Amino acid sequence: MESIDIADKKSAHKTKKSTKIICIVALLIIMAVVLVLFALRHSGRNLSGKKVNFEIDGKSYVVELYDNPTADDLYAKLPLTLTINDYEGWDEKVIRLEEALSMENAPAGDCPKIPEIGYYEPGNWIAVYYGFIGWWSGKVPLGRIDASTDELESIANGSTINMLVSLFGKLWKGHIG
């Protein structure tokens, strides 16, 4: 009789232990899902509704800006006429700015989506990404660009870029901010 009670107690103990492990694993999965959803919501990639046209070598590319203070600051500085250059060794083009953009509420860094534009604070430039470059500190996502990676890669080094606000499908050549 006693051996049956010991076996029942061991079985009950194993069941309780298994139940605890299952609960812990379920809790960890729920926490992971919540973190992923939080990260997606706060990735700085919610569209703002603001559009910018990049005019380069007779072609026009529409950029839909993200809803973040850095993108808002860029929008307020438009129109801009600058130069776009290759960034040797990387799958991106750079547009050096005369004035820094706001880093208010900016992430510590970013791994750009492709194709996309972003701000690189340490270099004070806008980057046009057409290939994977990985995560870098000081990068802030600015917007998604309506262009193929081949189109972006083929932009000639040293080309002039006109950045203009697009309001209701029309280009605005005056300042917004």
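Above this text is the structure in question.
Residues numbered from 1 in each chain as written. Predicted model: local features only at pLDDT ≥ 70, side-chain atom pairs only at ≥ 80, totals over all residues. Heavy atoms only, no water.

Note that Lys-139 resides in strand β9 (residues 139-145). A polar atom in the side chain of Lys-139 sits 3.1 Å from the side chain of Tyr-129. With near-sequence residues (within four places) excluded, Lys-139 lies in contact with Glu-92, Pro-107, Gly-109, Asp-110, Pro-112, Tyr-119, Tyr-120, Ala-127, Tyr-129 and Ile-133. (Helix = DSSP H or I, 4+ residues; strand = E, 2+ residues; numbered from the N terminus. Polar contact = N/O pair within 3.5 Å; in protein donor to acceptor, adjacent residues only side chain to side chain. Contact = heavy atoms within 4.5 Å.)

It is worth spelling out the pattern of salt bridges at this point. Scanning the model with the defined rule gives eight salt bridges in all. Between Arg-45 and Glu-116 there is a salt bridge, and its shortest N-O distance comes to 2.8 Å. Residue Arg-45 is found in the loop between α1 (2-41) and β1 (47-56), and its partner Glu-116 is found in strand β6 (residues 116-120); the two are separated by 71 residues along the sequence. Residues Lys-93 and Asp-86 are paired through a salt bridge, measuring 2.3 Å at the closest nitrogen-oxygen approach. Judged by its relative accessible area of 2%, Lys-93 falls in the buried class. One salt-bridge network, in which partners are shared between bridges, spans Arg-45, Asp-110 and Glu-116. (Salt bridge = Lys/Arg side-chain N within 4 Å of Asp/Glu carboxyl O. Buried < 20%, exposed > 50% of the residue type's maximum accessible area, 1.4 Å probe, protein only.)

Let us now look at the packing of aromatic side chains. Going through the model one piece at a time under the given rule, you end up with three aromatic pairs. Ring centres of Trp-90 and Trp-136 lie 5.4 Å apart, and the angle between their planes is 85 degrees; on these two criteria the pair is classed as edge-to-face. One end of the pair, Trp-90, is in the loop between β3 (80-86) and β4 (92-96); the other, Trp-136, is in strand β8 (residues 136-137), with 46 residues separating them in the sequence. Taking the relative accessible area as the measure of exposure, Trp-90 reaches 33% and is therefore partly exposed. Residue class for Trp-136 comes out partly exposed when judged on its relative accessible area of 34%. Ring geometry for Tyr-120 versus Trp-125: centroids 5.1 Å apart, planes at 40 degrees, classification tilted. The rings of Tyr-87, Tyr-120 and Trp-125 are connected pair by pair, giving a single aromatic cluster. (Phe/Tyr/Trp six-rings, centres within 6.5 Å; stacked < 30°, edge-to-face > 60°.)

What follows covers the environment of Ala-71. Positionally, Ala-71 belongs in helix α2 (residues 69-77). When sequence neighbours within four positions are dropped, the list of residues in contact with Ala-71 reads Leu-65, Tyr-66 and Leu-142.

The general pattern is negative phi for most residues beyond glycine and trans for most peptide bonds. A cis amide bond, omega 5 degrees, links Leu-78 with the succeeding residue Pro-79. Assignment of secondary structure puts Pro-79 in the loop between α2 and β3. The peptide bond linking Ile-114 to Pro-115 adopts the cis configuration, its omega dihedral lying at -10 degrees. Tracing the chain through its elements places Pro-115 in the loop between β5 (109-110) and β6. For Asp-57, which is not glycine, the phi dihedral falls at a positive 50 degrees. Relative to the assigned elements, Asp-57 resides in the loop between β1 and β2 (59-66). Even without a glycine there, the phi angle at Asn-105 is positive, about 55 degrees. Locating Asn-105 in the fold gives a position in the loop between β4 and β5.

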